[in-house]
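# A structural walkthrough
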Protein chains: 2
Amino acid sequence: MKGHQPIENLIYELSRLPGIGRKSAQRLTYYLLDQDLEDVESLAKALVRAKRDTKKCSVCSNYSDQDPCEICASPRRDRNILCVVEHPKDVVTMEKTGKFHGLYHVLHGVIAPQRGVGPMELTIPELLNRLGENDIDEVILATNPTRDGQTTALYLATLIQPMGIKCSRISHGIPVGGDMEYYDTLTVGTALENRVEMK
Amino acid sequence: MKGHQPIENLIYELSRLPGIGRKSAQRLTYYLLDQDLEDVESLAKALVRAKRDTKKCSVCSNYSDQDPCEICASPRRDRNILCVVEHPKDVVTMEKTGKFHGLYHVLHGVIAPQRGVGPMELTIPELLNRLGENDIDEVILATNPTRDGQTTALYLATLIQPMGIKCSRISHGIPVGGDMEYYDTLTVGTALENRVEMK
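Residues numbered from 1 in each chain as written. Chains lettered and ligands numbered in written order. Predicted model: local features only at pLDDT ≥ 70, side-chain atom pairs only at ≥ 80, totals over all residues. Heavy atoms only, no water.

## Comments concerning the pairing of strand β5 (residues 138–141) of chain B
The condition is simple: Buried residues are those whose accessible area, probed at 1.4 Å on protein chains only, stays under 20% of the maximum for their type, while exposed residues exceed 50% and partly exposed ones sit between those limits. Working definition: helices are DSSP H or I runs of at least four residues, strands are E runs of at least two. Numbering for both runs from the N terminus. Consider the strands pointing away from the viewer: the crossover is right-handed when the path from the first strand over the helix to the second runs clockwise.
The alternating pattern of β5 of chain B places E138 and I140 of chain B and V139 and L141 of chain B on opposite faces, both of which are buried. Considered for its hand, the β-α-β crossover made up of β5 of chain B, helix α7 (residues 147–160) of chain B and strand β6 (residues 166–169) of chain B is right-handed.

## A short note on the pattern of salt bridges
Note the threshold: The salt bridge definition used is simple: a Lys or Arg side-chain nitrogen within 4 Å of an Asp or Glu carboxyl oxygen.
Evaluated as defined, the whole model comprises twelve salt bridges over all chains. For the salt bridge of E13 of chain A with R16 of chain A, the shortest nitrogen-to-oxygen distance reads 3.4 Å. Across the salt bridge formed by D148 of chain B and R147 of chain B, the nearest N and O atoms sit 3.9 Å from each other. Overall, R147 of chain B belongs to the exposed group, its relative accessible area being 62%.

## What about the sheet that holds strand β4 (residues 103–106) of chain B?
Residue and element names in this part refer to chain B. The cut-off we apply is this: At least two bridges found by DSSP between two strands is the condition for calling them paired. Note on geometry: axes are C-alpha line fits, over the in-contact stretch for helices, and angles between N-to-C directions span 0 to 180 degrees. Residue contacts follow a heavy-atom distance rule, with two residues in contact if any of their heavy atoms lie within 4.5 Å.
Overall, parallel pairing links the four strands, which are arranged β4-β3-β5-β6 in an open sheet. Both outer strands of the open sheet, β4 and β6, are each paired with one neighbouring strand and no more. Within this sheet the neighbouring strands show an average axis-to-axis angle of 25°, counted without direction. In the sheet, strand β3 (residues 81–85) pairs with β4 via four bridges, with the strands oriented parallel. Note on β4: the bridge partner recorded for V85 is V106. Where helix α5 (residues 88–97) meets the sheet, its contacts fall on β3 and β4, and the angle it forms with β4 comes to roughly 155°. Relative to β4, helix α6 (residues 124–133) is tilted by about 150°, and along the sheet it contacts β3, β4 and β5.

Note that every value here comes from positions in space, so none of it alone points to a role or purpose.
Take a look at the structure:
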């Protein structure tokens, strides 16, 4: 339908986003058509600006509009401890806890041979350089407890431990406030294996 | 956090959209940062273009990039029957059925005194003009079966019927393929009241 082309085109563009099906895309499109042009332009500008002004930090590969990023540049961070995460959004999650004061290293993925992702496709060479050139006491491996995340953590540990650097893994088990009943046997089994002695 | 400003700004802009909470907005933002600049620009352009190139049809008030819209301009539509809907997206829904071949009239809302929306805030004056100037046999009132949608349909019927024009209302009841068990008593009660004799 030629007459609906700009509308159809926006529905198509929005439906390509993760978690947005055709129906949500249509609802969003008609919502936006009901808004003022300035509001829609403001969203469009925010999109382009976020992408254009955001670079990967040359130290940790986190997304930032400054290089080095504000965490790497901060004099208040402990420079002897590194937390390795899969993705920039994991940095946000870690920062929210307020419990980590070291630096990060963002892999931008996990090793996934079935999808052709090897160590060279990730920032693993950069991580090893960083560990070689800086005085790092501990590396916390905070990849996700998925198969690929576990594989990646194990792979990194076998590279890092021989460098005389302590490697740790974030713990996995029943989420705090969670009910055992609702978690799968793998999670409950892990929680059992990783039990901590009460003192 | 000044360093994250373009990212934070995009999360904020996206979280203002309906059905997109802060968490989804963050997930979308980081997804977009992982994409190529051209893809993000393509989405931004689609947003502005849809809004800028879409106008309200001067006849039926549906959104279109031509005026009159392609439905009003089509020689294949039955010009003696009008379907009144709340919103342009309802036109899409009706068109999908393939069972309506007349013209539309889009109200752009419903009468809602509690929100200060009266008949003059909708395209009701335009509807009455259309009915006065054209040879219309029937008006189908297809506002939603909500309180305000019902009130609006009743209000329109009291204006239109005295003009000697047949007024009908789309039927309400158990959705086709639905199970009675899952619908509220109001829906089931309506389905009972609106029962149709089997022949």
